[in-house]
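Each chain, letter by letter, is given below.
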2 protein chains.
Amino acid sequence: MTGGLSAEELGAYFALMEVGSLLQYAVDAHLRAEGDLSYVQFQILARLADAPEGRLRMTDLADGVVYSRSGLTYQAGLLEKRELITRSSSPDDERSVIVSVTDGGRALVARVLPGHVDDVRRLLFDPMADGDLAAISEVLGRIRRHMRSTPPRSAKPRAKNRRKG
Amino acid sequence: MTGGLSAEELGAYFALMEVGSLLQYAVDAHLRAEGDLSYVQFQILARLADAPEGRLRMTDLADGVVYSRSGLTYQAGLLEKRELITRSSSPDDERSVIVSVTDGGRALVARVLPGHVDDVRRLLFDPMADGDLAAISEVLGRIRRHMRSTPPRSAKPRAKNRRKG
DNA sequence: AAGAAATGCTTTTGATTTGAAGCACGTAGG
DNA sequence: CCTACGTGCTTCAAATCAAAAGCATTTCTT
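Scope of this entry: the structure provided in the associated data block. Not measured: the values here are computed from a predicted model.

Rules used throughout
- Residues numbered from 1 in each chain as written.
- Chains lettered and ligands numbered in written order.
- Predicted model: local features only at pLDDT ≥ 70, side-chain atom pairs only at ≥ 80, totals over all residues.
- Heavy atoms only, no water.
- Least-squares fit on C-alpha atoms with pLDDT ≥ 70 in both.
- Contact = heavy atoms within 4.5 Å.
- Helix = DSSP H or I, 4+ residues; strand = E, 2+ residues; numbered from the N terminus.
- Buried < 20%, exposed > 50% of the residue type's maximum accessible area, 1.4 Å probe, protein only.
- Polar contact = N/O pair within 3.5 Å; in protein donor to acceptor, adjacent residues only side chain to side chain.
- Pairing = 2+ DSSP bridges.
- Axes fitted to C-alpha atoms, helices over the stretch in contact; angles between N-to-C directions.
- Salt bridge = Lys/Arg side-chain N within 4 Å of Asp/Glu carboxyl O.
- Phe/Tyr/Trp six-rings, centres within 6.5 Å; stacked < 30°, edge-to-face > 60°.
- Core = buried A, V, L, I, M, F, W, Y, C linked by side-chain atoms within 4.5 Å.
- Buried area = accessible area lost by both parts, 1.4 Å probe.
- Nonpolar A, V, L, I, M, F, W, Y, C, P; charged D, E, K, R; others polar.
- Parallel < 35°, antiparallel > 145°, perpendicular 65-115°, else oblique.

**Regarding the relation of the copies chain A and chain B**
- Superposing chain A onto chain B takes a rotation of 180° combined with a translation of 0.0 Å along the rotation axis, leaving an RMSD of 0.1 Å. Expressed as a symmetry operation, the mapping of one chain copy onto the other fits a two-fold axis. The position closest to the rotation axis in chain A is occupied by the C-alpha of G20(A), lying 2.9 Å away.
- Of all interface residues in chain A, 100% are interface residues in chain B too; the two copies therefore contact each other through one and the same surface.

**With respect to the side chain of H116(A)**
- The residue H116(A) is located in helix α5 (residues 103–125) in this model.
- Note on H116(A): relative accessible area 6%, which makes it buried.
- A distance of 3.0 Å separates a polar atom in the side chain of H116(A) from a polar atom in the side chain of Y13(B).
- Those residues in contact with H116(A), other than ones at most four positions away along the chain, are V27(A), L31(A), Y39(A), F42(A) and Y13(B).

**Details of unusual backbone geometry**
Residues and elements named next belong to chain A.
- One non-glycine residue with positive phi stands out, namely D36, at about 55°.
- Mapped onto the secondary structure, D36 falls in the loop between α1 (7–35) and α2 (39–50).
- Assessed through its relative accessible area of 25%, D36 is described here as partly exposed.
- Phi is positive for E83, which is not a glycine, with a value near 60°.
- Inspection of the secondary structure assignment puts E83 in the loop between α4 (69–81) and β2 (85–89).
- For E83, a relative accessible area of 60% puts it in the exposed group.

**Looking at the sheet that holds strand β3 (residues 97–101) of chain A**
All names here are of chain A.
- Strand order in the open sheet made by the 3 strands is β1-β3-β2, with antiparallel pairing throughout. Lying at the two open borders of the sheet, with one neighbouring strand each, are β1 (55–57) and β2. Looking at each pair of strands side by side, their axes are set apart by 25° on average, direction ignored.
- Where β2 meets β3, 5 bridges bridge the pair, whose relative direction is antiparallel. Across the sheet, the residue bridging to I85 is V101, located in β3.

**Description of the pattern of salt bridges**
- If you walk through the whole model with that rule in mind, you get 20 salt bridges over all chains.
- E138(A) is the salt-bridge partner of R142(A), the closest N and O atoms lying 2.6 Å from each other. Taken together, the residues R142(A) and E138(A), both in helix α6 (residues 132–149) and 4 residues apart, mark about one turn of the helix.
- For the salt bridge of R144(A) with E18(B), the shortest nitrogen-to-oxygen distance reads 3.1 Å. Of this pair, R144(A) sits in helix α6 while E18(B) sits in helix α1 (residues 7–35), placing the two residues on different chains.
- Given the relative accessible area of 18%, R144(A) is considered buried.
- Three or more residues are tied together by salt bridges with common partners; here these are E18(A), R144(B) and R148(B).

**What to know about the packing of aromatic side chains**
- Tallied over the entire structure, the rule returns 4 aromatic pairs over all chains.
- Aromatic side chains Y25(A) and Y67(B) sit 4.1 Å apart centroid to centroid with 15° between the ring planes, which places their arrangement in the stacked category. With Y25(A) in helix α1 and Y67(B) in the loop between α3 (58–62) and α4 (69–81), this pair bridges two chains.

**Considerations on the nonpolar core**
- Counting residues in hydrophobic clusters, the biggest one holds 92 residues, and the most contacted among them are Y13(A), L124(A), Y13(B) and L124(B).
- The contact partners of L124(A), leaving out residues within four places of it in the chain, are V19(A), L23(A), D119(A), Y13(B), L16(B) and I143(B).

**Brief notes about the interface of chain A and chain B**
- Listed as interface residues are 74 residues of chain A and, on the opposing side, 75 residues of chain B.
- Between chain A and chain B, a total of about 7,400 Å² is buried, with carbon and sulfur atoms accounting for 63% of that surface.
- Our enumeration of links across chain A and chain B arrives at 8 salt bridges.
- The partner of R142(B) in a salt bridge is D132(A), and the shortest N-O contact between them spans 3.0 Å.
- Elements that contribute at least two residues to the side of chain A that touches chain B include exactly α1, α2, α5 and α6 of chain A.
- Considering each element in turn, the side of chain A that touches chain B owes the most residues, 23 residues, to α1(A).
- Of the residues belonging to the side of chain A that touches chain B, the class tally is 36 nonpolar, 17 polar and 21 charged.

**Digging into the packing of α5(A) against α1(B)**
- At their nearest, the axes of α5(A) and α1(B) sit 12 Å apart, and the two run at 80° to each other. One way to sum up the angle between α5(A) and α1(B) is to call them roughly perpendicular. Together, H116(A), V120(A), R121(A), L124(A) and F125(A) of α5(A) and E9(B), A12(B), Y13(B) and L16(B) of α1(B) make up the contact between the two elements.
- Across the contact of α5(A) with α1(B), the residue classes break down as 6 nonpolar, 1 polar and 2 charged.

**Some thoughts on the pairing of β3(A)**
All names here are of chain A.
- For β3, the tally of buried residues reaches 4 of 5 residues, placing the bulk of the element in the interior.
- In terms of strand pairing, β1 meets β3 through 3 bridges, oriented antiparallel. By the bridge assignment, R55 is partnered in β3 with S100.

In short, shape yes, function no, at least from these values alone.
Below, the structure is given as structure tokens:
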């Protein structure tokens, strides 16, 4: 069942997946409880709050937050309904939509951020020893760059269909 | 915007989340292309194939695979329809449902496993240098144990509602 | 300048997931 | 035995998400 990965590699792979998954689950639950925000919604607001003028184009906002444009449109609709963001078409390019955080959006981010940070610290960093952070950062950073630069790999011709399953 | 986490901590946090997310996305895409299996479905089959007699109770299978029982019921229905698994009630406890892999299920796992392993190796382990694996394993393992033993933390009374958002 | 192709977003459709409610079986207390 | 409660799974309703199709605008080609 290990089929080409050593026991240690397999363990590291599973640990990575589980840690990421549990962390997201825990953080998500707390964000909902504190501000009725999903993890994705928090990311959108946080990115906007961090952007130069508090605004970004939909496309630029989508990268890294969600795997489809329609998903962002959906979330933007929800956030706009709650008046946490605003949408307007760009003067430069009539196709583009500019998303801006409202004051309410900034306030909400400010309100949930401390709890979010606490969660991450408690779950992820508390169990780390001296030097762990530097080691992890270096390796994970390298892996991330590698993954980003690796092409999405065309599927082999074996495929017959691929809906969401 | 860092609010209590150093720049390096923040970077490590984001890198961890992104690496886990991209890895799952890539692996998922390949599993679909190779065997029309989602990541969750593959996990279910792989666990069953790895279990003593190729069978497990729903409840035992659910742990770690999915965050709700109903989600497992749904996936089990899909896999059963494809005759990759079988469901039958337990003789010991009439309430329990025993899930078993079929020969077809085992064959499918065997067919997609090499590609899956290749993906993980290429994306996750190729960019690692000597010693990285041991370091990562140790730290991630420790964090995982810590997360598992940390109670789900009751939400603070601040909460008003918490649908899926 | 006209048509073709590309870009940016939304709408639509379908799949997956969750929590709540429901149902069946099992266990404990009187 | 009989009721109350607990457990295991499924059904149901609602939410989220992605791919495909659609529409508008812009850019490229000739």
